[in-house]
Amino acid sequence: MSQKFYITTPIFYPNANLHMGHAYTVTVCDVLRRAHKMQGDDTYFLTGSDENTGKILKVVTEKNQTVSEYLTEVTEKFKDLFGKLDISYDQFIQTSDKEKHWPGAQTLWKKLVEAGDIYKSKYIGLYCVGCETFYTEKDLVDGKCPVHLTIPEKIEEDNYFFKLSKYTQVIREKIETDELQVVPSTRKNEILAQLDRGLDDISFSRPVKNVPYGIPVPGDSEQVIYVWCDALVNYISALGYGRDDELFQRFWPAQAHVIGKDILRFHAAIWPAMLLSAGLPLPQALLVHGFITSGGHKMSKSLGNVIDPYDLVSEYGKDAVRYYLIREISPFEDGDMTMDRFKDAYNAGLANGLGNLVSRILTLSEKYLDGCPELPEQEDFTQYFAFFESFEIQKAADYVWGEIGDLDRFIQSTEPFKVVKVDEEHGKKLISDMVVRLYRIAQMLKPILPETSEILKKLIVENKKPEKPLFLRKD
Ligand code: MSP
């Protein structure tokens, strides 16, 4: 039965270009969305950029650009990468968009106030602009932010606070019982342990004099909404919450927010508390993936191990990059990527695996069959789709390549190229069976390698062998 499926990526900070980790998140979302679309679900895929952040101040000053010039340039680059990777999002939300995003953020703020969950207080403590997070001394490592390894700013401000502590218990229950599913279970346990330690109320606004960007707090022009509160609302503001409810009614709550492990607390504690306070339903699931490393280290310019997604797609093509991200990286753990591993996987899975199989089968069918054999109208993909239901996309890819391997072995054992010369009818039957099985594979590839899936289906229907290898071997 068809259902609705709303999926989101985190919104990306626009202070730098997207890297392989970001490419991973969007590709995972795209694959899940395409799989659900293929099952006939009513789908919606949201992505965007998190723009009301002090991080871009430094960049625009260095580049001598206006904020709006800079944001246009950088978001065009984001969209360019999404295009190159065949990411079929429905909307790219920008939190600086006063028409699309601000009404939602301000409406939600008012709901928090109505619920009695916002109060004014003084914040004295530490702030890391890199993370856009308030820290306490005990969070630091050698006095530095554990993520950015920089010394956080000491700030003393009058801010509005959100009564996060009030929601600790109810969120705990919802996560424990999987009403809000946190996948994988290691991340579920991690957040449950944090909830057991309790949540403190959180500063939810900043004085406008200290933060030049941001959405004004309704009724107080001296304060802007804290950037994480503002950013999380994108998941509903983009659907029209607070301005035009049509998409919101159709798609909220989300079936999945896909996020990296570093932003779990924001999504599994702060966001649910905001929704509960506003009387809105919680998302169904959080898929929390790990980090992409290179040679076991964080990709960084100084280590010289950065793989640029733009360059990689230009050299190998979109489906080669999608293949690596989905087949070689677990959606539940950290995954490694070096150019050597990438080439090995490309040669094994695409050039020698899929590509070779396609040319072997279609060379035979073009030569011996009069046309494309009759293809089944309806195939049963239940087993395959089950992997996507549980977010096991790597296993879904393994399943397809399992069938590719089986088909390859079928050719080796039946040797249709020999049989057709001695028993034409039987040989043709073997070739037809192989083409039908290849078509099934082409269909299953649709969410993972959409371009290859289309090319392959067309070749099969036209009964033509590829003019050149689908994936050239690289040495
Ligand atoms: N703007 C916030 C998200 C707000 S969502 C309401 C943010 N942006 S980010 O640009 O820093 O990160 C976006 C996503 O990329 C996060 O899910 C983060 O975990 C992910 N990644 C950043 N580096 C990564 C890797 N090296 N590997 C995989 N994903 C990583 O956080």
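Please refer to the structure higher up on the page.
Please read these numbers as outputs of a predicted model, since none were measured by experiment.

Undergrad: Quick question: what am I supposed to make of the sheet that holds strand β14 (residues 292-294) here?
TA: What holds strands together in a sheet is hydrogen bonding between their backbones, with the strands either parallel or antiparallel. The strand order across the open sheet built from 3 strands is β15-β14-β16, with neighbouring strands paired in mixed fashion. Two strands close off the open sheet at either side, each with one partner strand: β15 (297-298) and β16 (335-336).

Undergrad: Explain unusual backbone geometry to me, please; I cannot follow it from the model alone.
TA: Negative phi values dominate among residues other than glycine, just as trans dominates among peptide bonds. The step from Val183 to Pro184 runs through a cis peptide bond, and the omega angle for that step is 5 degrees. Tracing the chain through its elements places Pro184 in the loop between β7 (181-183) and α6 (185-197). Phi is positive for Asn64, which is not a glycine, with a value near 55 degrees. On the secondary structure map, Asn64 appears in the loop between α2 (55-63) and α3 (67-84). A residue is classified by how much of its surface remains accessible, and Asn64, at 70% relative accessible area, is exposed. One non-glycine residue, Phe391, adopts positive backbone phi at about 65 degrees. Along the chain, the position of Phe391 falls in the loop between α14 (382-389) and α15 (393-414).

Undergrad: For this particular structure, what's the right way to read the site of the ligand?
TA: In the vicinity of the ligand, 22 residues are found, and the nearest of them are Ile11, Asp50, Gly260, Asp262 and Ile292. For the ligand, a nitrogen atom lies 2.8 Å from a polar atom in the backbone of Ile11. One nitrogen or oxygen atom from the main chain of Tyr13 is found 3.1 Å from an oxygen atom belonging to the ligand. The fraction of the free accessible surface of the ligand (660 Å²) that becomes covered by protein chains is 91%. Breaking the shell around the ligand down by element, the ones donating at least two residues are α1 (20-38), α7 (227-232), α8 (234-237) and β12 (256-260). In terms of residues, the shell around the ligand owes the most to one element, α7, which gives 3 residues. Grouping the constituent residues of the shell around the ligand by class yields 12 nonpolar, 8 polar and 2 charged.

Undergrad: Explain the packing of α1 against helix α12 (residues 318-328) to me, please; I cannot follow it from the model alone.
TA: Describing two packed helices takes the angle between their axes plus the distance from one axis to the other. Running from N to C, α1 and α12 point in directions that differ by 85 degrees, and their axes come no closer than 10 Å. Our classification of the angle between α1 and α12 gives roughly perpendicular. For the pair α1 and α12, contact is made by Met20, Ala23, Tyr24, Thr27, Val28, Asp30, Val31 and Arg34 and by Val321, Arg322, Leu325 and Ile326, respectively. Classifying every residue of the contact of α1 with α12 gives 8 nonpolar, 1 polar and 3 charged.

Undergrad: Would you mind showing me how to read the packing of aromatic side chains here?
TA: Given two aromatic rings, their pairing is described by the distance between the two centres and the angle made by the two planes. Scanning the model with the defined rule gives 33 aromatic pairs in all. Taking 5.5 Å as the distance between ring centres and 40 degrees as the angle between the ring planes, the aromatic pair formed by Tyr324 and Phe342 counts as tilted. In this pair, Tyr324 sits in helix α12 while Phe342 sits in helix α13 (residues 339-368), placing the two residues 18 residues apart along the sequence. Tyr324 sits in the buried class, given a relative accessible area of 1%. Taken together through their ring pairs, the aromatic side chains of Trp109, Tyr119, Tyr123, Tyr127, Phe134, Tyr160, Phe161, Phe162, Tyr167, Phe204 and Tyr226 make up a single cluster. Between the NZ or CZ atom of Lys55 and the centre of the ring of Tyr13, over which it lies, the distance is 4.3 Å. The ring of Phe266 is capped by Arg265, whose NZ or CZ atom sits 5.3 Å from the centre of that ring.

Undergrad: Just to check I follow, could you spell out the sheet that holds strand β9 (residues 205-207) for this structure?
TA: Reading across from one edge, β9-β11-β10 is the order of the 3 strands in this open sheet, with antiparallel pairing throughout. Unpaired on one side and paired on the other, β9 and β10 (216-217) mark the two borders of the sheet. Where β9 and strand β11 (residues 220-225) come together, 3 bridges link them in antiparallel fashion. Note that in β11 the partner of Pro207 across the bridge is Gln223.

Undergrad: Teacher, can you tell me more about the pattern of salt bridges here?
TA: Pairing between side chains of opposite charge can happen when their charged atoms approach one another. Applying the stated criterion across every chain, the model contains 33 salt bridges. A salt bridge links Lys261 to Asp334; the shortest N-O distance between them is 3.0 Å. One end of the pair, Lys261, is in the loop between β12 and α10 (264-277); the other, Asp334, is in the loop between α12 and β16, with 73 residues separating them in the sequence. Lys261 sits in the partly exposed class, given a relative accessible area of 25%. On the basis of relative accessible area, Asp334 is assigned to the partly exposed category, the value being 40%. Sharing partners across several salt bridges, the network here consists of Asp30, Arg34 and Arg322.

Criteria and cut-off values
- Each chain has its residues counted from 1, running along the sequence as written.
- Reporting in this predicted model follows two pLDDT cut-offs: at least 70 for local features of residues, and 80 or more for side-chain atom pairs to be given and counted; totals over whole chains, interfaces and linings ignore these cut-offs and use all residues.
- Side-chain metrics rest on all non-hydrogen atoms present in the structure, leaving aside hydrogens and water.
- Paired strands are those between which DSSP finds at least two bridges.
- Helix and strand definitions follow DSSP, with helices as H or I runs of at least four residues and strands as E runs of at least two, each counted in order from the N terminus.
- We call a residue buried when its accessible area falls under 20% of the maximum for its residue type, exposed when it is over 50%, and partly exposed in between, using a 1.4 Å probe and counting protein chains only.
- Being near a molecule or strand, for a residue, comes down to having at least one heavy atom within 4 Å of it.
- Counting of polar contacts relies on pairs of N or O atoms within 3.5 Å, with two restrictions inside protein: one atom must be capable of donating a hydrogen and the other of accepting it, and residues adjacent in sequence are counted only when both atoms are side-chain atoms.
- For accessible areas, the Shrake-Rupley method is used with a probe of radius 1.4 Å. Any residue's cover is judged against the shown protein chains and nothing else.
- Gly is placed with the polar residues, together with every amino acid not listed as nonpolar (Ala, Val, Leu, Ile, Met, Phe, Trp, Tyr, Cys and Pro) or charged (Asp, Glu, Lys and Arg).
- Note on method: axes are straight lines fitted to C-alpha atoms, helices fitted across the in-contact stretch only, with angles between N-to-C directions ranging 0 to 180 degrees.
- Put simply, angles under 35 degrees are roughly parallel, angles over 145 are roughly antiparallel, angles from 65 to 115 are roughly perpendicular, and the rest are oblique.
- By the convention used here, residues are in contact when the closest approach between their heavy atoms is within 4.5 Å.
- Note on ring pairs: Phe, Tyr and Trp rings are taken, using the six-membered ring of Trp, and paired if centres are within 6.5 Å. Classes follow the plane angle, with under 30 degrees stacked, over 60 edge-to-face and the rest tilted.
- Two conditions define a charge sitting above a ring: the NZ of Lys or the CZ of Arg must be within 6 Å of the ring centre, and it must be within 35 degrees of the ring normal.
- By definition, a salt bridge exists where a carboxyl oxygen of Asp or Glu is found within 4 Å of a side-chain nitrogen of Lys or Arg.

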